[in-house]
Amino acid sequence: SQQGEEDPQALSIQEGENATMNCSYKTSINNLQWYRQNSGRGLVHLILIRSNEREKHSGRLRVTLDTSKKSSSLLITASRAADTASYFCATQTQGAQKLVFGQGTRLTINP
Amino acid sequence: GAVVSQHPSWVICKSGTSVKIECRSLDFQATTMFWYRQFPKQSLMLMATSNEGSKATYEQGVEKDKFLINHASLTLSTLTVTSAHPEDSSFYICSARDPRLAGVGEQFFGPGTRLTVL
């Protein structure tokens, strides 16, 4: 079952602007991960944030996690055309190996 | 980083035939692999967890007799779609965990296989 809900479902912005995507989930988690998928391709891992972390950075990516609200956000700063892709959050519960994916956000960066 | 490959990248078959999709971990040994299917513009749905040397664990609602999974070695898992029908047309993606990254939940994904059943 899909645990995560992401919003917006689609986002279109101009190159150079920041893009923010949100993810909500329903159960307690061990960690939350963000993945990117280019059209018709596999997924690429972007960043993992553990349940005891609140914020994490990686290059132009900033992820926050609020376990009290069961939500996470992914911020991409200074967007580029190459950032155009679908972005998925995925949660992993304690003791489980599998990931449960959110519905995804389709991000389009207009040059 | 860990690399996962899939073969074929796309396949077209006739209704009623069986199709085998391979998932390989190229530079690491994967005791556990995962199979997902994805419909256009939708998210990934986990079908099953493939365990080397033992039976796969299927998610609720996934027919194990229709989607046969074999994880015969530490670098290869196969998904066979038996008696394929047009509704089985989808994008099938596998992933694997690198046991060298114990405790880290990251999965490495293959490039996917697009199956079209006529």
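A brief look at the structure comes next. Everything numeric here is computed off the predicted structure, so don't read it as measured data.

This next bit is on the overall build of chain B. When you go through chain B residue by residue, the secondary structure sums to zero helices and 11 strands. When the helices and strands of chain B are read in sequence order from the N terminus, they spell out β-β-β-β-β-β-β-β-β-β-β. The globule rule puts the C-alpha radius of gyration for 118 residues at 13 Å, and the 14 Å found for chain B is close to it. Viewed in the frame of its principal axes, chain B has a C-alpha envelope of about 40 × 25 × 25 Å. Looking at chain B as a whole, 53% of its 118 residues are labelled buried. When contacts within chain B are restricted to residue pairs at least 6 apart in sequence, those whose partners lie at least 24 apart make up 55%. Surface summary for chain B: the accessible area is close to 5700 Å², and the carbon and sulfur share equals 54%.

This part covers the sheet that holds strand 1 (residues 4-7) of chain B. Residue and element names in this part refer to chain B. With respect to topology, four strands assemble into an open sheet ordered 1-3-8-7, the strand pairing being antiparallel. Each edge of the open sheet is held by one strand with a lone partner, namely strand 1 and strand 7 (67-73). Each adjacent strand pair in this sheet contributes to an overall mean axis angle of 20°, direction not counted.

We now examine the environment of B:Lys66. Residue and element names in this part refer to chain B. Within the fold, Lys 66 resides in the loop between strand 6 (57-58) and strand 7. Its relative accessible area of 11% is what places Lys 66 among the buried residues. Between the alpha carbons of Lys 66 and Ala 84 there is a distance of 8.2 Å; along the sequence they are 18 residues apart. Leave out the neighbours within four places in its chain, and Lys 66 touches Thr 80, Val 81, Thr 82, Ser 83, Ala 84, His 85 and Asp 88.

This model, assessed by the stated rule, comprises eight aromatic pairs over all chains. Their ring planes at 45° and their centres at 6.4 Å tell us that B:Phe67 and B:Tyr92 sit as a pair that is tilted. Placement of the pair is B:Phe67 in strand 7 and B:Tyr92 in strand 9 (residues 90-96), with a sequence separation of 25 residues. Here the two residues B:Phe67 and B:Tyr92 agree in accessibility, since each one is buried. The structure contains a cluster of three or more aromatic residues connected by ring pairs, namely A:Tyr35, A:Phe88, A:Phe101, B:Tyr36 and B:Phe109.

Right, let's get into the interface of chain A and chain B. At the junction of the two partners, chain A supplies 21 residues and chain B supplies 23 residues. Taking both sides of the interface into account, the surface hidden between chain A and chain B amounts to around 1700 Å²; carbon and sulfur atoms contribute 50%. The tally of links between chain A and chain B comes to one salt bridge. For B:Glu59, the salt bridge identified is with A:Lys98, shortest N-O distance 2.9 Å. Taken together, the connections running from chain A to chain B amount to seven residue pairs in polar contact (both at pLDDT 80 or more). Of the residues belonging to the side of chain A that touches chain B, the class tally is six nonpolar, 11 polar and four charged.

On to the sheet that holds strand 6 (residues 55-58) of chain A, then. All names here are of chain A. Read across the open sheet, the five strands follow the order 1-3-8-7-6; overall the sheet is antiparallel. Unpaired on one side and paired on the other, strand 1 (5-7) and strand 6 mark the two borders of the sheet. Each strand axis lies, on average, 15° off the axis of its neighbour in the sheet, ignoring direction. In this sheet, strand 3 (residues 19-24) lies alongside strand 1 in antiparallel orientation, the contact comprising three bridges. Note that in strand 3 the partner of Glu 6 across the bridge is Cys 23.

Cut-offs and rules
Throughout this description, residue numbers start from 1 for each chain and increase along the sequence as written. Following the order in which they are written, the chains are lettered starting with A and the ligands numbered starting with 1. In keeping with the predicted nature of the model, local features appear solely for residues at pLDDT of at least 70, side-chain atom pairs appear and are counted solely at 80 or more, and the whole-chain, interface and lining totals rest on all residues. Side-chain measures were taken over the full set of non-hydrogen atoms in the model, leaving aside hydrogen atoms and water. Numbering goes from the N terminus for both helices and strands, where a helix is a DSSP run of H or I of at least four residues and a strand is a run of E of at least two. We take the radius of gyration over the C-alpha atoms and set the globule estimate at 2.2 Å times the residue count to the 0.38 power. Think of it in three bands: residues with accessible area under 20% of the maximum for their type are buried, residues over 50% are exposed, and the middle band is partly exposed, with areas taken using a 1.4 Å probe on protein chains only. Contact between two residues is taken to exist if any of their heavy atoms lie within 4.5 Å; hydrogens are not considered. Only the protein chains shown count as cover for residues, with accessible areas throughout obtained via the Shrake-Rupley method and a probe of 1.4 Å. The criterion for strand pairing is that DSSP finds at least two bridges linking the strands in question. Between N-to-C directions, angles cover 0 to 180 degrees, with each direction set by a line fitted to C-alpha atoms, over the stretch in contact for helices. Two aromatic rings from Phe, Tyr or Trp, using only the six-membered ring of Trp, form a pair when their centres are within 6.5 Å; if the ring planes differ by under 30 degrees the pair is stacked, by over 60 it is edge-to-face, and anything between is tilted. Buried area: the accessible surface (1.4 Å probe) lost by two parts on joining, summed over both. Salt bridges are defined as contacts in which a side-chain nitrogen from Lys or Arg sits within 4 Å of a carboxyl oxygen from Asp or Glu. Any pair of nitrogen or oxygen atoms within 3.5 Å is treated as a polar contact; in protein, a donor-acceptor pairing is required on top of that, and neighbouring residues in sequence qualify only through side-chain atoms on both sides. Note that Gly is not counted as nonpolar here; it falls among the polar residues with everything else outside the nonpolar set of Ala, Val, Leu, Ile, Met, Phe, Trp, Tyr, Cys and Pro and the charged set of Asp, Glu, Lys and Arg.

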